[in-house]
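# Structural overview
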Amino acid sequence: MRKLVLKAVSILSVALAVALFAPQRAAADDDDPPSRVARLGFARGSVSFNPAGTDDWVSAVVNRPVTTGDKLWNDSGARSELSIGSAVIRLGSTTGFSFLNLTDNVTQIRVTEGTLNIRVRNLGDDETFEVDTPNLAFSVLRPGNYKINVNEAGDTTLVIVRDGQGEVTGGGSAYNIRHGEIGTFSGVDQLDADVESWGNDDDDFDGWCADRDRRIDHSVSARYVSTDAIGYEDLDEYGGWRPVPEYGTVWFPHVTVVGWAPYHYGHWAYIAPWGYTWVDDAPWGFAPFHYGRWVTVGGVWGWVPCAPRPVAVVGVAYVRPVYAPALVAWVGGPHFAVGIGVGGGFAAGVSVGWFPLGPREVYVPSYPVSRTYVNNVNVSNTTVNTTVVNNYYNTTVINKTTNVTNNNVTVNNQHYVNQSVPGAVTATTPQAFTSAQSVSKNSVAVNQREVASAPVAATTPPVAPARQAVIGSGAAAAAKPPAALANRPVVAKTAPPPPPVSFAKQQQAIQANGGRPLAMSQVRQIQPEAAQVHPAVKIAPPSSPATPQNAQANRTVGTQPAANSNRPVTSNNAVGTQQTANPNRPVTPNSAVQPAQGNKPATPPANGSAQNASQKAYSDRPPVARPSNSNAVNASNAANAQLEQRHQQQLEQLRAQQDQERQKIEQKQVQQRQQAQQQADAAKQQKLNQQHQQQLVQLEQKHDQQQQKLQQKQQQEVQKAKPASKPPQEEKPPKGKS
């Protein structure tokens, strides 16, 4: 009888626990941070940055993650580039920019003045991409290439659709702009619209954007890493790919520092809601520090990437790589700050130490997340057993048990492969850690034997950040936007979230939270009620479809707007009915023989006239994709494509040869250093390091010269091929004949 009672009590306890636990997990799902950020990958000239929640303008730092509420200002002559994986955003001279919202499925941009070039490569059915200017909101409806310019007064916006389709909303009207069109929209309360054919009038900024696009299109790294991993396109220029039996194809960076290790050359910045975030100094230093894992092969560090997007398989969902602030584990013990006191205080004499996670090792976020998030951030980045992820989640997230040891890991008995690698553990002072100071310039020497057996913490030390950690390592900005421009309101179609909470309020809440990052729900609680409506945003009034001035008679048929709708509705060739799709996607025509294609451009009916076929069939495709009536032009284009392909193969072959040469030198250097270490000859070790660094520098110079010679040779070949690429002039008929 007693056993039955105990069993009943046990079942009741489990049921009660589940009942109490379920609402907490549901709330935690709302606390999951976005799975993506934007990366500042290029900055030239005076580019200033204003972190969300502060009034400070500092010089922009490459590789800084940019998210909701962050602002950028390009001063005169400056250029910059942001990448969010599915899209690339480039800023021209004298441009004010900020993210009103950046989540998994919403990209909402605020432009107060200046020029943007936007290339959207992928656009999901549930995804919104909106650019808000002082007099209109522009919604991207299809993947494509777009240019937006806002004049200095803020009362005119120019929209060019080189490829794709979009919609302008403002002044109670909605205008559809398609491939190959340029729209000029003047006025604020009421738009004066003029849409006409775009004359392909490119300027220097357009040429620069095209060069950057070609760099992405020809990326070799796209074969080995997901194109949703932000910053992958920089890997080609600064490293090489080599197959490794246990890990697949691994990327090895070309570095000239002897004993280089990941997460050593950079600084820690505090970026809400993730908390302490690694910002690397290397120009390629984004993707390898926020996705994938690191491993040593033959004594040389290599990056194991997140796998590329697989071919569509029925029943298998693709999980976009989830951004992580830093994929590291933290060293504990008497000399390291793990498990520090509540409120963010460091004990005297301690350091902050960490090392990169290896393949199949679980990353545990320090910020509040759901079980689904923990699974996705690991499975999308490397091969991790689901059972192991669940064990980590139950132990470190639910039970708050974070300390594990190297030889007796309390969560899954897993040995950290990189903890015992010489030079893998990096340490710095608490002050440098909490105030965005350079780690390499404030590094602390560690005892290799001590750190190899020290306890390990899965989560970041809980300590409240100093203001400098939020601002980052950039110096005070040389230029910032005028106050009137910085506060200029914009028109939005999608209501953005409230403006970010001030850092002072966040800092107090973080201290009260034991130094741990705030949950999204906690941030909303400290948000003032008066700030629920964004002060710099005016929601566009209800709009109805309108016809711009100079409407072209030859515009593509089939996208006439329907009455009382803000979206373009295409014709239905079969029954003339209207489809209802995602409000941010155009409805595709549904013919009797062709099903709806979701996100693909419309195709005219097969029985259209020859004239319609030539004018409509390729209306949503870029000019280079349109067929030409000239056989000579086609032959020339084919020859140019073959030449470009051959040049790309030559570069790839050269880089492969250089990687093999570098690999041999690096392995030989590792062996020499190991021998010197075994002999405990410090002087010999120092001399070897100097020799090795000199060898690596000379090797880089040699490789640069080789690539320059090859590129010069290729440019000469292109110049020789240019006359053949020009289409022959049309022969004039004899006089008196037509």
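It should be emphasised that the depicted structure is a prediction, and the values quoted were computed from it without experimental measurement. (Residues numbered from 1 in each chain as written. Predicted model: local features only at pLDDT ≥ 70, side-chain atom pairs only at ≥ 80, totals over all residues. Heavy atoms only, no water.)

Let us now look at the overall build of the protein. Within the protein, the regular secondary structure consists of 15 helices and 31 strands. By the burial criterion, 49% of the 738 residues in the protein qualify as buried. At a minimum sequence separation of 6, the contacts of the protein that also span at least 24 residues come to 65%. With the model as given, the accessible surface of the protein reaches about 34500 Å², and the carbon-plus-sulfur share is 51%. (Helix = DSSP H or I, 4+ residues; strand = E, 2+ residues; numbered from the N terminus. Buried < 20%, exposed > 50% of the residue type's maximum accessible area, 1.4 Å probe, protein only. Contact = heavy atoms within 4.5 Å. Areas by Shrake-Rupley, 256 points an atom, 1.4 Å probe, with all protein chains shown as cover.)

Turning to the confidence of the model for the protein, a few remarks are in order. Low pLDDT marks stretches whose predicted atomic positions should not be read closely. Chain-level statistics for the protein give a pLDDT mean of 78 and a share of 71% at 70 or above. Contacts from residues 400–413, a stretch scored under 50 in pLDDT, to residues over four places away or in other chains number 36 contacts. (pLDDT = per-residue confidence, 0-100.)

Moving on to the pattern of salt bridges. A full pass over the atoms with the stated rule returns 16 salt bridges. Residues Glu127 and Arg36 are paired through a salt bridge, measuring 3.5 Å at the closest nitrogen-oxygen approach. Highlighted residues: Glu127 in the loop between strand E9 (106–120) and strand E10 (128–132) and Arg36 in the loop between helix H1 (2–31) and strand E1 (38–44), separated in sequence by 91 residues. The two residues Glu127 and Arg36 agree in class, both being buried. Here the salt bridges share partners, and the residues they tie into one network are Glu81, Arg90, Arg119, Arg212, Asp213 and Asp217. (Salt bridge = Lys/Arg side-chain N within 4 Å of Asp/Glu carboxyl O.)

With that settled, consider the nonpolar core. One finds Tyr263, Trp268, Tyr291, Trp294, Trp303 and Trp354 to be the most contacted residues of the largest nonpolar core, which totals 73 residues. Apart from the residues within four sequence positions on either side, Trp268 is in contact with Tyr276, Thr277, Trp278, Ala326, Val328, Trp330, Trp354, Phe433, Ala436 and Val439. (Core = buried A, V, L, I, M, F, W, Y, C linked by side-chain atoms within 4.5 Å.)

This brings us to helix H2 (residues 204–217). For H2, built from 14 residues, the straight-helix expectation of 20 Å at 1.5 Å per residue is met to within 8% by its first-to-last C-alpha distance of 20 Å. Among the residues of H2, those classed as buried are Phe205, Asp206, Trp208, Cys209, Arg212, Asp213 and Ile216. In a view along the axis of H2, the buried residues occupy a sector of 160 degrees, so they form one face of it. Tucked into the core, H2 has its buried residues touching E1, strand E6 (79–83), strand E7 (87–91), E9, strand E12 (144–150) and strand E13 (156–163). The backbone nitrogen of Phe205 lies 3.2 Å from a side-chain oxygen of the residue at the head of H2, namely Asp203. (Expected span 1.5 Å × (residues − 1). Arc of directions from axis to C-beta. Polar contact = N/O pair within 3.5 Å; in protein donor to acceptor, adjacent residues only side chain to side chain.)

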